[in-house]
Every structure is written in structure tokens, then in C-alpha cells.
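Take a look at the letters that make up each chain.
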Amino acid sequence: MKMHFCIPVSQQRSDALGGRYVLYSVHLDGFLFCRVRYSQLHGWNEQLRRVFGNCLPPFPPKYYLAMTTAMADERRDQLEQYLQNVTMDPNVLRSDVFVEFLKLAQLNTFDIATKKAYLDIFLPNEQSIRIEIITSDTAERVLEAIQDIEKGWAKPTQAQRQKLEAFQKEDSQTKFLELAREVRHYGYLQLDPCTCDYPESGSGAVLSVGNNEISCCITLPDSQTQDIVFQMSRVKCWQVTFLGTLLDTDGPQRTLNQNLELRFQYSEDSCWQWFVIYTKQAFLLSSCLKKMISEKMVKLAAENTEMQIEVPEQSKSKKYHIQQSQQKDYSSFLSRKSKIKIAKGDCVFGNIKEEDL
């Protein structure tokens, strides 16, 4: 799993003896993860070097004189580059030294208390095991819910917002989360802005994926907005198509991005239609659709112990206990040169492996 760290800001603080130090705000995948001092990161680097030796990237040097503003900015950039480089090694990411330091830094930053809890793990053979863990899940979920609401990803009603603010002031975490789960789009995955061909070609769209649906906030060419929800129970199949590469000139560096589209076949008014979404996160969206279908199948199997899913052999066909004509989990990665043909029957596309994403 790739982790993207950045240090967009730093702050000067005073210690108990009247001295001053710099506190760096470390963000993970766009969200504040923790705040740490240079001395903490330096000590962490020493621990990592005792385990991994000289294969680690160079750590920013100490300054023994007072730092100027330019020197402080340079150190922040160097620390950010160090975090990005050190996380490229999967062995470092899996190490106890790496995980424990970041866990402790996050707990100290948000003053999160840990507690014992039990986690049920379901195995492929339909058995489950229970393990005891130390977690701060409640506090982390409250922070995530607050961020989602502040960013407008979760959409509470006015009454819900007032109650959530009251629970937050009272520090009633359990009540806060119980109400947050009822908020529209709570826990959904928010994708980057993209475009689609519905209801008009070139319409802007912001996608939220979760709860067995794709929720689209569409901006029409005349700047009007329209909310559209696609239910996964009506999705028949989908495919990802590679359209080429685009030169991204936004920001200080020019980068080449893959130009992708995800099109899915959807039942609308008893008629199958194709809808197209143009997004560089097409593979992520495809993975979300697969997971929602998988979770739904597991839930159906748990409710009906007699239900079985049989895979047909190539030599002879077998009947499915679940009607596959209702929903199919297909995806593909086609070049733009390939022609997309819709057969009279169901369309079947080649499977793509997760390691190809």
C-alpha cells in the first residue's frame, strides 16, 4: 500500500524553559496525521538505521545555530522528502519501529486514549477467529466524521448538525457516532472531481461511493447542479478503458497522468443504458464496485445458509443458485484503439488483476 506523506506547514512553539522549537504537521493522504518535532524524527531515524542500516535515505542534518526563515523552510522540505523516500521501502513500512512510532505520534497529537477491544476476523473457509487488540477507534472515527462534515462530504440535515455539535461539546463520542452513522454519505469514499456524459456530455461530477450506491453531484454546463444516485443492484457490468496520457500543468511540476474512463451498464426504466465517467481514479472506482458486490454476496450468503455460488466449468455449464443475469462483476483495461462492441446478449470482458492497477 502506497502512503503519501507531506508536511505543508510548521509552527514555532515555546517549551517549559522558555526556549523555542518547531512543530511539524505531518499529513497522510491529505489529512493531518500527527505533529512532531525534529528531535523526534531524528531519534526515529536512528532507530530505523539500527534495523535497516545505510539503505535508508539521508536524514536532514542538525543546525547548531539559530535558523533563518529560509533554513526552516528548507528543513521542512527535506523532512517531507525523507518521509516520502523512506516509505517507498515495503520492508520499512511493515517494521515495528515504523508502525509504533507513527502510532504513538498520532495518539499524542490528538490526545487519544487507548482501550482493549475484540476484532472478529472472517477466514476464506467461512470460519472466524477473535483476537484482542488495543484500539482508539472511537476517537479516530469521531475525528474522521468531523472532517467529512467540515469538507461537505457527509451531508447532515440542519437538525442533525445541531445535535452533532452539541454531542461534540459534551464529549459524548458514542452518541456522536450513533447519530453520524445516520448522516447521508457518512463513511463514503469521496473521489476527485471528474466529468461524465450524463445527463449531458462534459458535465462535471463529484462521486461518493458507499452503501451499495454511486452518488453523483453533477454540475451541468449552465452551472446548475443535480444529484443522481446509481444503485449497485441495477449495475450489470462495467469496464475501464485507457484513453491515452495527459500532460498536467497544474502546480510547479509537469506530470503525465493516465486518461481513463469507466463505463457501466445500468438499468433505467427497464432499459439497459451505458453511462461513462472520465476519471483518473477509474481503477479505484472499479475496485470499490467489486468490493460492494463482494460484501453484498457475503451478506446474502450469511442470511441464507443454503445459498451456494457455483462457478461453471469450461467444458459444461452449471446452473447458478444466484441469477447472474441480474448482476455481473466484469472489468477490463482496453486501449483506445480497441473498439467497444455491445453484443445482443450480455457483454463479457477480460478480468484485470489487482497487481496491474
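Values in this document were obtained by computation on a predicted structure and should not be read as measured data. (Residues numbered from 1 in each chain as written. Predicted model: local features only at pLDDT ≥ 70, side-chain atom pairs only at ≥ 80, totals over all residues. Heavy atoms only, no water.)

Each helix and strand in the protein chain was counted, giving 8 helices and 14 strands. The burial tally for the protein chain puts 36% of its 357 residues in the buried class. About 23200 Å² of surface is accessible on the protein chain, with carbon and sulfur atoms providing 49% of the total. (Helix = DSSP H or I, 4+ residues; strand = E, 2+ residues; numbered from the N terminus. Buried < 20%, exposed > 50% of the residue type's maximum accessible area, 1.4 Å probe, protein only. Areas by Shrake-Rupley, 256 points an atom, 1.4 Å probe, with all protein chains shown as cover.)

Note the cis peptide between Tyr198 and Pro199, where omega equals -5°. The topology assignment puts Pro199 in the loop between strand 7 (194–196) and strand 8 (203–210). Located in the positive-phi region is His185, a residue other than glycine, with phi close to 70°. Its location among the elements puts His185 in the loop between helix 7 (173–180) and strand 6 (189–190). Among the residues examined, His185 registers a relative accessible area of 5% and is labelled buried. Even without being glycine, Asp269 reaches a positive phi, approximately 55°. Along the polypeptide, Asp269 turns up in the loop between strand 12 (255–268) and strand 13 (271–278). For Asp269, a relative accessible area of 66% puts it in the exposed group.

Side chains that differ in charge, positive against negative, can pair when their charged atoms come close. Scanning all chains against the criterion turns up 3 salt bridges. Linking Lys103 and Glu100 is a salt bridge whose minimum nitrogen-to-oxygen distance equals 3.5 Å. Residue Lys103 and its partner Glu100 are both found in helix 4 (residues 96–110); the two are separated by 3 residues, about one turn of the helix. For Glu100, a relative accessible area of 44% translates into the label partly exposed. (Salt bridge = Lys/Arg side-chain N within 4 Å of Asp/Glu carboxyl O.)

Looking now at the sheet that holds strand 1 (residues 5–14). With antiparallel pairing, the 3 strands of this open sheet are ordered in space as 1-2-3. Among the strands making up the open sheet, the edge pair consists of strand 1 and strand 3 (31–37). Direction aside, the axes of adjacent strands within the sheet are offset by 25° on average. Sheet topology note: the strand 2 (residues 20–28)/strand 3 ladder contains 6 bridges and is antiparallel. Bridge assignment links Tyr24 to a residue of strand 3, and that residue is Val36. The strands touched by helix 2 (residues 69–86) are strand 1 and strand 2; relative to strand 1, the strand with the most contacts, the crossing angle is about 135°. Lying over the sheet, helix 4 contacts strand 1 and strand 3, oriented at roughly 95° with respect to strand 3. (Pairing = 2+ DSSP bridges. Axes fitted to C-alpha atoms, helices over the stretch in contact; angles between N-to-C directions. Contact = heavy atoms within 4.5 Å.)

As a further point, take the nonpolar core. Grouped together as the largest cluster of nonpolar side chains are 30 residues, with contacts concentrated most on Leu207, Phe230, Leu262, Phe264, Leu285 and Leu289. Broken down by element, the residue count for this core peaks at 8 residues, all from helix 8 (residues 282–303). (Core = buried A, V, L, I, M, F, W, Y, C linked by side-chain atoms within 4.5 Å.)

With respect to the helices and strands, Gln168 occurs in helix 6 (residues 158–170). Residue Gln168 is classed as partly exposed on the basis of its relative accessible area of 42%. Sequence-wise, Gln168 and Ile146 are 22 residues apart; in three dimensions their C-alpha atoms are separated by 9.2 Å. When residues no more than four places from it in sequence are discounted, the contact partners of Gln168 are Ile146 and Phe176.

With that settled, the discussion passes to the packing of helix 1 (residues 38–52) against helix 2. Two elements in contact, helix 1 and helix 2, have axes whose closest approach is 12 Å; the angle formed by their N-to-C orientations is 30°. As for the relative orientation of helix 1 and helix 2, their crossing is left-handed in sense. Between helix 1, through Tyr38, Leu41, Trp44, Asn45 and Leu48, and helix 2, the contact on the second element is made entirely by Arg75, Leu79, Tyr82, Leu83 and Val86. Along the lines of polarity and charge, the residues of the contact of helix 1 with helix 2 split into 8 nonpolar, 1 polar and 1 charged. (Left-handed = near helix turned anticlockwise from the far one by under 90°. Nonpolar A, V, L, I, M, F, W, Y, C, P; charged D, E, K, R; others polar.)

Our next topic: the packing of aromatic side chains. Applying the stated criterion across every chain yields a total of 13 aromatic pairs. Aromatic side chains Tyr266 and Phe275 sit 6.0 Å apart centroid to centroid with 75° between the ring planes, which places their arrangement in the edge-to-face category. Here the two residues Tyr266 and Phe275 agree in accessibility, since each one is buried. In this structure, Arg75 packs its charged tip against the face of Tyr38, placed 3.7 Å from the ring centre. Geometry around Trp272 places Lys236 over its ring, the cationic atom sitting 5.1 Å from the centre. (Phe/Tyr/Trp six-rings, centres within 6.5 Å; stacked < 30°, edge-to-face > 60°. Lys NZ or Arg CZ within 6 Å of the ring centre and 35° of its normal.)

With that settled, consider helix 2. If you check helix 2, its first and last C-alpha atoms are 26 Å apart, about what 18 residues at 1.5 Å a residue would give, namely 26 Å. Along helix 2, the residues classified as buried are Arg75, Arg76, Leu79, Tyr82, Leu83 and Val86. Projected down its long axis, helix 2 shows its buried positions confined to an angular sector of 125°, all on one face. Every exposed residue of helix 2 that faces more than 90 degrees away from the buried side is listed here: Thr69 and Ala70. Those residues of helix 2 that are buried lie in contact with strand 1, strand 2, helix 1 and helix 3 (90–94). (Expected span 1.5 Å × (residues − 1). Arc of directions from axis to C-beta.)

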